[in-house]
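Residues per chain, in single letters:
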Amino acid sequence: MGVGRVVALRAASLALTLIGVVLITAIIVGPTSDRVLGAIINEQVRAFSQALRSRAAGTQNLTEIQLAVDQYRESLIRAYGLDRPWYMRIFPLALTILTLNLGTSTEVQSFSGSIQVRDIILERIPPTLAVVTTATVIQILVGLYIGTLLAYRRGSFLDRFFSVYAAVSYATPAWWLGLFLIFLFVYRIPIFPVPSGLYSPHPPAAPLLRFLDLMAHAALPITALVFATLGAFIYITRTLVLRIVEEDYVYLAKAKGLPQNSILRSYVMRAAAPPLVTIAALNLAGSLGGAVITETIFNWPGLGLLTLQAIEANSEALILGLTYILASVYVMTRLALEVAYVFLDPRVRY
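Residues numbered from 1 in each chain as written. Predicted model: local features only at pLDDT ≥ 70, side-chain atom pairs only at ≥ 80, totals over all residues. Heavy atoms only, no water.

### Re the confidence of the model for the protein
Short version of the rule: In predicted models, pLDDT denotes the confidence assigned by the predictor to each residue on a 0 to 100 scale. Going along the chain from the N terminus, every DSSP run of H or I of four or more residues is numbered as a helix, and every run of E of two or more is numbered as a strand.
For the protein, mean pLDDT is 82; residues scoring 70 or higher make up 86% of the total. Within the protein, helix α6 (residues 174–188) carries the highest mean pLDDT (92), whereas helix α3 (residues 90–98) carries the lowest (66).

### Comments concerning empty space enclosed by the protein
Rules: Cavity and pocket criteria rest on a 1 Å grid covering protein atoms alone: a 1.4 Å probe that fits but cannot get out defines a cavity, protein on both sides within 12 Å along at least 5 of 7 lines defines an open pocket, and an atom within 4 Å of a point defines a lining residue. Grid points are joined across faces, edges and corners, and a volume is the space filled by probe spheres set on the points. As a working rule, the residues Ala, Val, Leu, Ile, Met, Phe, Trp, Tyr, Cys and Pro are called nonpolar, Asp, Glu, Lys and Arg charged, and the rest polar, with Gly in that last group.
For the structure shown, the criterion picks out 1 cavity of 30 Å³ or more. Approximately 60 Å³ is the volume found for the largest cavity. In terms of lining, the largest cavity is formed by Phe-192, Pro-193, Val-194, Pro-195, Gly-197, Ala-216, His-217, Leu-220, Phe-298 and Trp-300. Looking at the lining of the largest cavity, its residues break down into 8 nonpolar, 2 polar and no charged.

### Examining the pattern of salt bridges
Note the threshold: What counts as a salt bridge is simple: a side-chain nitrogen of Lys or Arg found within 4 Å of a carboxyl oxygen of Asp or Glu. Under the scheme applied here, a residue whose accessible area is under 20% of the maximum for its type counts as buried, over 50% as exposed, and between as partly exposed, the area being computed with a 1.4 Å probe on protein chains only.
Considering all chains together, one arrives at 3 salt bridges under this definition. Two residues, Glu-246 and Arg-154, come together in a salt bridge whose shortest N-O distance is 3.6 Å. Highlighted residues: Glu-246 in the loop between α7 (207–245) and α8 (248–255) and Arg-154 in the loop between α4 (117–152) and α5 (157–171), separated in sequence by 92 residues. The partly exposed category is assigned to Arg-154, whose relative accessible area is 40%.

### A closer look at the packing of aromatic side chains
Given two aromatic rings, one states the distance between the centres and the angle between the planes to describe the pair. Condition: To pair, rings of Phe, Tyr and Trp, with the six-membered ring standing in for Trp, must have centres within 6.5 Å; the planes then decide the type, stacked if under 30 degrees apart, edge-to-face if over 60, and tilted in the middle.
A complete count under the given rule lists 7 aromatic pairs for this structure. With centroids separated by 6.1 Å and ring planes inclined at 85°, the aromatic side chains of Phe-162 and Tyr-165 adopt a geometry described as edge-to-face. Here Phe-162 and its partner Tyr-165 are both found in helix α5, 3 residues apart, which amounts to about one turn of the helix. Across the pair, exposure class does not vary: Phe-162 and Tyr-165 are buried alike. Between Tyr-165 and Phe-227, the ring centres sit 5.2 Å apart and the planes meet at 70°, which makes this aromatic pair edge-to-face. On the criterion of sequence distance, the pair formed by Tyr-165 in helix α5 and Phe-227 in helix α7 is long-range, its members being 62 residues apart.

### Some details on the layout of surface pockets
Here the idea is plain: a probe the size of a water molecule rolls over the atoms and shows the empty space left. Roughly 210 Å³ of internal volume is contained in the second largest pocket. Val-132, Ala-135, Thr-136, Gln-139, Leu-225, Thr-229, Asn-283, Gly-286, Ser-287, Gly-290, Ala-291 and Tyr-330 are the residues that line the second largest pocket. Where the lining of the second largest pocket is concerned, the elements lending two or more residues are α4, α7 and α9 (260–287). By residue number, the principal contributor to the lining of the second largest pocket is α4, which donates 4 residues. Partitioned by chemical class, the residues of the lining of the second largest pocket number 5 nonpolar, 7 polar and no charged.

Printed below as a string of structure tokens:
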């Protein structure tokens, strides 16, 4: 099976998966969305009634005003589709999820004051990329280097040290470490500013100074996330590479007198690439979901903090959008991995 056919089949399969996720989400949320839509309609009707009464100012009787309010309510019910059973609205609801056209959220607003769900979600992606994804990239790069190094120095002091570090970091929650870093480097040794979001309350106007202010606020959450996740990735990389280093074909390459760098590049890392790329790609995809507790304690306005705000505000539109974004990222990551496997492991083509 050629590369093009493999990619086409995987893309079609994952597209069906994404559609299935959207339909299941719509089915789960469909019955409960009636309550939310009813609350939205009641709020809009109340505002319409107040505006109509203030404009009328006694020129209309109460019967005419009530008739206009009832007609407005009926029009909203038809517009939102509440005149039909919820199961008849599944596919329209799925379409709105696919296009991220989820209406408005009265509980949470964007930085610019927009109440559109699409705007609220899209503006939170860059802060998450700046902290959580950056920490994941650092974790992957450093973990690959140290893990490979430890595989060639197994049993050494460095190997034992990072084995202990891996256990400690795996057992240390990022949010607890974040609280400790805030206590130490914000209050005891005031090197970094108090966590207040992306910038200080009065950020500098100069672009360079503004960027440095952003980095000062992002340094501690990145440090906490890297420390808490790096050890596990180092240990995974070490274990995978160590298993391959002891294979017969690696010993044969050494017996032939091939250079160490050539053996590492062509024999060891080529065989370790599929599982390592899988773990790295899924970690990157998961980072786009944000770190809920870590972003909360640092008051970092990313997708993790937005998830908590959406749950606290019972904003089903935001929860739907966030679920769809994360599911879409995972599906696209799976597609990218399927394509990468074709080149990393030629056996996938057959």
